[in-house]
Amino acid sequence: MKPAKAALTGLLALVAALAAGHLVAAFVGLSASPYLAVGNAAIDLTPSWLKEFAVTTFGTYDKLVLLTGMAVVLAGIAIAAGLASTRSPLPGSVTAVVLGLVGLAAVLSRPDIGQLSVLAPLASLAVGLYVFRYLHRETQDNESRRAFLITAGVAAAAGIAGQVFGSRTDVEGSRAAVGDLTPKTKAPEIPVNADFVKDGTPSFITSNKDFYRIDTALSVPRIRAEDWTLRVHGMVERPTVLTFDEIRRRDLVEETVTLTCVSNEVGGPYISTADFTGIRIGDVLREAGVKAGADQLFSTSDDGFTAGSPLDYVLERGLIAIAMNGEPLPAEHGFPARLVVPGLYGYISATKWVTDLNITTFAKEQGYWMPRGWATKAPIKTMSRIDRPKRQGRVQGRTVVAGTAWAQPRGVAKVEVRADGGPWQEAQLGADVSDSTWRMWRLELDLKPGSHTVECRATDKSGYTQDQARLDPVPDGATGWHSASFTVE
Ligand SMILES: Nc1nc2c(c(=O)[nH]1)N[C@H]1C(S)=C(S)[C@@H](COP(=O)(O)O)O[C@H]1N2
Ligand SMILES: [Mo]
């Protein structure tokens, strides 16, 4: 057999196997697709340092990079197996079975799969093995182009059909059908002097489309509001299950909240602000009757992510949010419902696609990120960021330095800026919207032409000034003053 044909035999068998698994998964839950399951398992097994690296290097493209990397590695293995099988089909058959078993193990390791899910990786295994042996036989004796073309065509059709059927849960339809979620208690109007967009700060409210996104989900969980329920159980007198309709019929409250990611680097982009609408977790839990001794609200998402939040704090501040900036939550931000706890980092509180609230203790349950080296309790650090001038930017005329600062739930009292290591000067602050949100700032400086470096530091309302020492985000948030070097012309 010619090497090119041998390689193609392996590659096509792989494509057929993945497509078959994807197609079956479309009917038993897309997270049972062996390809996605291996990717999701890889994410969960990735050491924190590598995840950090991936997020800092690829930003929100990290998942695309992972899926592409997997495709390249798998293709390499399949081609090698094909080439090793020019005489006997044994090496290729063994490879097909081994890869099939890896897919099966990955699917079985997923927390969000149903009982029928094993059918998807089993289909992959069977089809991979069958197609490889079929193509191998065809190429031995005759003109095999026909067999290759048919296989490629059927595999492509199966893969596309899987993608289409798998995404058929009509989330957008369900979102549209939700209709109006006007809160009974609206968040106060944002004053016009809350941001300095002209000077380069972000707008005070982040649009849903620009809101940062961080999660471990390779495919966004697709849940219709009418199918969704939230289970409340554990150390409560009266366990209960809430539906979307039951939540929306209650008195909805709206709050302006800045969400912050613990893995944000100094100067990083993982912070945004929105008006979230929902009901207070405290009301739900008080109705359920929290038992003495509980100290943790342990929330679980549809895709198995978990977060543990301090119960006392959540009882006071937590929201079950169903709307964001006046519309139902976007699918990527947790539709139909998520938790929002003003003043806590996202990883220990802001569970998207939330389906389960377990009232428990920190001694008993550990959230997703704890075994991966992140702190169980992490107050948001007092931080500030320069948004303009941009690093290595050029300034014409007077220099205006502008940015944002945050210290939820303490609130920002002061931001100072210094140029070239000189004396600290107090910046002008934007309106004080709430202690749960960021605060914008600006300062005009008279700088001579040439290169300059500015630094900023915030002081919160408890009197604490942010730390100069540079610390990495792991385990409980980065510290350090942000700086920007630029040229005045
Ligand atoms: N289901 C689920 N919810 C999650 C996460 C996740 O990985 N899965 N990540 C958390 C983290 S680390 C952050 S910072 C916030 C980000 O919320 P956003 O994507 O809406 O900005 O969601 C939190 N909720
Ligand atoms: Mo996060």
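It should be noted that the structure appears before, not after, this text.
Residues numbered from 1 in each chain as written. Chains lettered and ligands numbered in written order. Predicted model: local features only at pLDDT ≥ 70, side-chain atom pairs only at ≥ 80, totals over all residues. Heavy atoms only, no water.

Caption draft 1: Inspection of the site of ligand 1 at higher detail. By nearness alone, 18 residues border ligand 1, and Tyr212, Thr216, His333, Arg338 and Lys352 come closest of all. Here an oxygen atom of ligand 1 sits 2.8 Å away from a polar atom, N or O, in the side chain of Arg338. Burial of ligand 1 by the surrounding chains reaches 99%, relative to a free accessible area of 530 Å². (Near = heavy atom within 4 Å. Polar contact = N/O pair within 3.5 Å; in protein donor to acceptor, adjacent residues only side chain to side chain. Areas by Shrake-Rupley, 256 points an atom, 1.4 Å probe, with all protein chains shown as cover.)

Caption draft 2: View of the sheet that holds strand S1 (residues 229-234). If you walk across this open sheet you meet the five strands as S2-S1-S10-S5-S6, and the pairing is mixed. Each of the sheet's edge strands pairs with one partner strand only, and the pair in question is strand S2 (240-243) and strand S6 (306-310). When strand polarity is set aside, the average angle formed by the axes of neighbouring strands in this sheet is 20°. Bridge analysis of strand S5 (residues 296-301) against strand S10 (residues 354-360) gives six bridges, and the strand direction is antiparallel. Of the residues in S10, the one forming a bridge with Gln296 is Thr360. Together, S1, S2, S5 and S10 form the strand contacts of helix H10 (residues 281-288), whose direction differs from that of S1 by roughly 50°. (Pairing = 2+ DSSP bridges. Helix = DSSP H or I, 4+ residues; strand = E, 2+ residues; numbered from the N terminus. Axes fitted to C-alpha atoms, helices over the stretch in contact; angles between N-to-C directions. Contact = heavy atoms within 4.5 Å.)

Caption draft 3: Looking closely at a nonpolar patch on the surface. Taken together, the side chains of Trp49, Leu50, Phe53, Phe58, Tyr61, Leu64 and Val65 present a nonpolar region at the surface, about 750 Å² in accessible area. Taken together, the elements giving at least two residues each to the nonpolar patch come down to helix H3 (48-58) and helix H4 (62-83). The element contributing the most residues to the nonpolar patch is H3, with four residues. With respect to the secondary-structure elements, Phe53 resides in helix H3. (Patch = residues over 30% accessible without salt bridge, like charges linked within 9 Å, V, L, I, M, F, W, Y side chains within 5 Å. Salt bridge = Lys/Arg side-chain N within 4 Å of Asp/Glu carboxyl O.)

Caption draft 4: Expanded view of the nonpolar core. Counting 88 residues, the largest nonpolar core has Phe276, Leu297, Ile320, Tyr347 and Leu357 as its most contacted members. Among the elements that take part in this core, strand S7 (residues 319-324) stands out by supplying five residues, more than any other. Dropping the residues within four chain positions of it, Tyr347 is found in contact with Val262, Phe305, Ala307, Trp369, Met370, Trp374, Ala375, Ala378 and Pro475. Core analysis: the next-biggest nonpolar cluster, separate from the first, contains 20 residues, Ile386, Val417, Ala427 and Phe486 among them. (Core = buried A, V, L, I, M, F, W, Y, C linked by side-chain atoms within 4.5 Å. Buried < 20%, exposed > 50% of the residue type's maximum accessible area, 1.4 Å probe, protein only.)

Caption draft 5: Inspection of the state of the cysteines at higher detail. If you walk through the whole model with that rule in mind, you get zero disulfides. Free of any disulfide, Cys456 has its nearest neighbouring cysteine sulfur in Cys261, separated by 19 Å. (Disulfide = S-S within 2.5 Å.)

Caption draft 6: Representation of the side chain of Thr360. Within the element layout of this structure, Thr360 appears in strand S10. Ignoring anything within four residues of it in the chain, the contact list for Thr360 reads Met235, Ala294, Asp295, Gln296, Phe298 and Glu365.

Caption draft 7: Just helix H1 (residues 3-28), in detail. With 26 residues, H1 should reach 38 Å at 1.5 Å per residue; the first-to-last C-alpha distance of 38 Å fits that figure. At the exit of H1 stands Gly29, carrying a positive phi of roughly 115°. (Expected span 1.5 Å × (residues − 1).)

Caption draft 8: Region of the structure containing the packing of aromatic side chains. Per the counting criterion, the structure on display carries 13 aromatic pairs. Ring geometry for Phe305 and Tyr368: centres 5.7 Å apart, planes at 35°, overall tilted. Here the residue Phe305 occupies a position in the loop between S5 and S6, and Tyr368 occupies one in the loop between S10 and strand S11 (383-388), the gap between them amounting to 63 residues. Each member of the pair, Phe305 as well as Tyr368, carries the same accessibility label: buried. Taking 6.4 Å as the distance between ring centres and 80° as the angle between the ring planes, the aromatic pair formed by Trp369 and Trp374 counts as edge-to-face. Accessibility assignment for this pair places Trp369 and Trp374 in one class, buried. (Phe/Tyr/Trp six-rings, centres within 6.5 Å; stacked < 30°, edge-to-face > 60°.)

Caption draft 9: Examining the pattern of salt bridges more closely. Tallied over the entire structure, the rule returns 27 salt bridges. Ionic pairing is found between Asp283 and Arg286, a salt bridge with its closest N-O pair at 3.8 Å. Taken together, the residues Asp283 and Arg286, both in helix H10 and three residues apart, mark about one turn of the helix. By relative accessible area, Arg286 is classed as exposed at 52%. Shared partners join several salt bridges into a network, and the residues in it are Asp199, Arg398, Arg442, Glu444 and Asp446.

Caption draft 10: Spotlight on the pairing of S10. Judged by how many residues are buried, S10 sits mostly within the fold: six of seven residues are covered. Bridge count for S1 against S10 is four bridges, and the pairing is parallel. Paired with His233 across the bridge in S10 is Asn358.

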